[in-house]
Amino acid sequence: MRHLTLGVLALLALVPAGSAWADAPDPDSLRLDAAQPAQSLDGRWLVVEGSGDDLLPVDEAGGVQDSLAWRPAGPGVFSRQPDAAPVWLRADVVNPTDQPIERLWVLRFALIDQVVLAAVYPDGRVDRVRAGEDVPLAHRRVPHRLPVLPITVPPGQTVRLYAHLADPGAIDAPMLLCTWPWLAKAEARRDLIHGLFMGSLLVLMLFATGLAVARRERLYGWFAGYLGSVLLSCLVYFWAGAAPWLAERWGPDAVNRGIVVTAVLVFMASIGFAARLLDLDQHRPRVHRWLSRVLWAYPVGMVAAATLPYGVAVALSAVSMLPVLVPVGVSVRLAGAQRVAALYALSWAVLIGAVAAVYLRVAGLVPADFPTAWFLYVGFFLQFVVLVVAMAGRVRAIERERRAALQAEIAAYQRNAALARSFERFVPKAFLDRLQRTSYTEIELGHAVSKRMTILFSDIRSFTSLVEAMSPEENFAFINEYLGYMEPAIHQHLGFIDKYIGDAVMALFDDERDDGAGARRAVQSAVGMHSALARYNRLRAERREPPVGMGIGLHTGELMLGTIGGRDRLNASVIGDSVNLASRVEGLTKRYGAACLVSGEVVAQLGPDPEWALRHLDDVRVKGRSSPVAVYQLLDCEPRDERAARLLHRDAWHAARGALVAGRLDEALARFQALAAGDPGDKAVPLMIARCERLLAQGLPEGWDGAETWAEK
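Residues numbered from 1 in each chain as written. Predicted model: local features only at pLDDT ≥ 70, side-chain atom pairs only at ≥ 80, totals over all residues. Heavy atoms only, no water.

### Considerations on the nonpolar core
Counting residues in hydrophobic clusters, the biggest one holds 59 residues, and the most contacted among them are Leu201, Tyr226, Val230, Phe273, Leu277, Tyr344 and Phe380. Top contributing element to this core by residue count: helix 5 (residues 254–277), with 13 residues. In this structure, Leu201 is in contact with Leu227, Val230, Leu231, Cys234 and Phe384, ignoring residues within four places of it in sequence. If you look at the next biggest cluster of nonpolar residues, it comprises 39 residues, including Ala519, Val548, Cys596 and Tyr632. (Core = buried A, V, L, I, M, F, W, Y, C linked by side-chain atoms within 4.5 Å. Buried < 20%, exposed > 50% of the residue type's maximum accessible area, 1.4 Å probe, protein only. Helix = DSSP H or I, 4+ residues; strand = E, 2+ residues; numbered from the N terminus. Contact = heavy atoms within 4.5 Å.)

Structure (structure tokens):
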């Protein structure tokens, strides 16, 4: 709520008043981009403050008088104090293309009393509209809750925009140029969030009202009143048609006054609820008696706020907030002994922090595009959640809480003593280090960091047919024996295993210096794993057991490393598109008959002259990705004779694939057929021959770039 925010922050004196254009550089013209559906005008404005004549510099007859003393407007907040002077704004919009560009000029703030938008075209034509709170929706050219002016910028021309803003409150005027579909989607998203927020308030209010009636407890009644007052204030502020509807009936400042009056109501309900929640008549009887008398003054304050001059009304709302700080201060004093008091203090800390975050943007101390737009709603909602928890704890005796806390502490110490010795076997120490935690007891749900890593996935080929004749005990013994060969090759190259998924392994290689060392160690590990697999297969051959095949996929990218789960079960894991892509790359090893495949991102990390033999196998669009991914075969993981054959025909492969990408299908087919004769063991060649024959029969698809789409995982 705009003026509740101003009252709270003016009282706390968080930000001194001042002009928003101090030391601001001269703004540049906005160059329209036809491909962008929305472009912000913040930072593009020149401003003149104090001119009360809304016919200058652009009058209703279309005359332009542009000789005013314009100054850079700064971050987009043009006035911060109630009863501020009107302002004129000016900005230029350039169309650098050879086609006209149509846009909506939108002021994304409905609660400004008087708004005039004017566009001056190169031929001298002036398009001018009024669309403030003093103009009903039915009388606006564009019947929208926001001030809107459609403009068309001719090709290669500049249109000059003028805006006149006048309001007794602070003017925060974010403006942009956008298309109708973009504006409709943004408004729908706003309405959805507002609806969810106010719907949550309504449900909580009805629930608290039901408890008050059923249990005859005034605590729940005051809480319902507090929720209802906030809901009423939100209705005045959020309702899409409130500004013109109220302005038409009660004057242009009706919404501003409605916000101030409902703010006073919120303060009154907050005090009554706090007195019951904190049991002030028992713990602080003198404070309770004083607050009881103050409550009677709030109805008078609401009437005064509705009738006195607006600047006085805002100051009165700020003064009426002072008694609210009294129970907050008491709760801080009692927080050490009462859990309820601590929760109440926390709830106000959350709300005040949200209000401060919003006002810091309004005051120009953080960038205008800083995402504070929803902080106030989140702050109120979190406050209500904490207050509900506080009320639930109200029924518990303090001594019972202390005994429970002591017992929990003893039990936790005993559990930690036993778990600390074994937990590292389930969660790698490297995982703990990257979360910047020194003990496993410090890990909580939601701890996460963003990292750039190389992800390794490995999987046994034809695992089901390999173990179908085994008993469960033999199956477990086989998997553990196999993993015992794989694990050292990963640890030897400073990787750590994130998880075992049956027979599959997922390992991570960090690159702290961002110099490609992580990718190189991952490639070394993949080569080492296939060497270890060869040793394991020799052992199995001695025992007359079938050999084991394995595929490995590598990809480098950003991921989130942290803890996921629910209240009773946590898991240390990594998530992100890079993890999914690494898994998809591993899955392609079966299709191409390759022992190890790596993505183009891994190859880019290896440098211009890698020590390993690579073959650019294909470009594919895997499931879940729209852009193609370059896939390379790591030939060092292939058996010696197959590696030699692939190296011998590598240039021929690249030439054949180049012809395919270029769309020369007959040439590509002939080259791949020659490869099939020269290297019959290359399992990828028949795949490419079939692709060439299919494309020759069906024709090249539109937008052909040589990439193949695989819908399967």
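That was the structure; now back to the text.
### Some details on the pattern of salt bridges
By the definition in use, this model includes 22 salt bridges. Of the charged contacts in the structure, one is a salt bridge between Arg543 and Glu481, with a shortest N-O distance of 2.9 Å. Placement of Arg543 in the loop between helix 17 (517–542) and strand 17 (550–565) and of Glu481 in helix 16 (residues 472–492) is noted, with a sequence separation of 62 residues between them. Its salt-bridge partner being Arg694, residue Glu708 comes within 2.7 Å of it at the nearest N-O pair. Taken together, the residues Glu708 in strand 22 (residues 708–709) and Arg694 in helix 23 (residues 684–698) connect sequence positions 14 residues apart. Overall, Glu708 belongs to the buried group, its relative accessible area being 12%. The network of salt bridges with common partners includes Asp618, Asp619, Arg657, Arg691, Arg694 and Glu708. (Salt bridge = Lys/Arg side-chain N within 4 Å of Asp/Glu carboxyl O.)

### Here we look at the environment of Trp290
Looking at the secondary structure, you find Trp290 in helix 7 (residues 285–295). Taking the C-alpha atoms as reference, Trp290 lies 9.7 Å from Pro323; in sequence the two are 33 residues apart. The contact partners of Trp290, leaving out residues within four places of it in the chain, are Pro323 and Val326.

### Focus: helix 10 (residues 322–334)
With 13 residues, helix 10 extends 19 Å between its outermost C-alpha atoms, agreeing within 8% with the 18 Å of an ideal straight helix rising 1.5 Å per residue. Turning to helix 10, its buried residues number three or more, namely Pro323, Val324, Pro327, Val328, Val330, Ser331 and Leu334. Projection of helix 10 onto a plane perpendicular to its axis shows the buried side chains occupying an angular sector of 155 degrees, all on one side. With respect to the buried face of helix 10, the exposed residues turned more than 90 degrees away are Val332 and Arg333. (Expected span 1.5 Å × (residues − 1). Arc of directions from axis to C-beta.)

As far as function goes, none of this settles anything; it's purely spatial.
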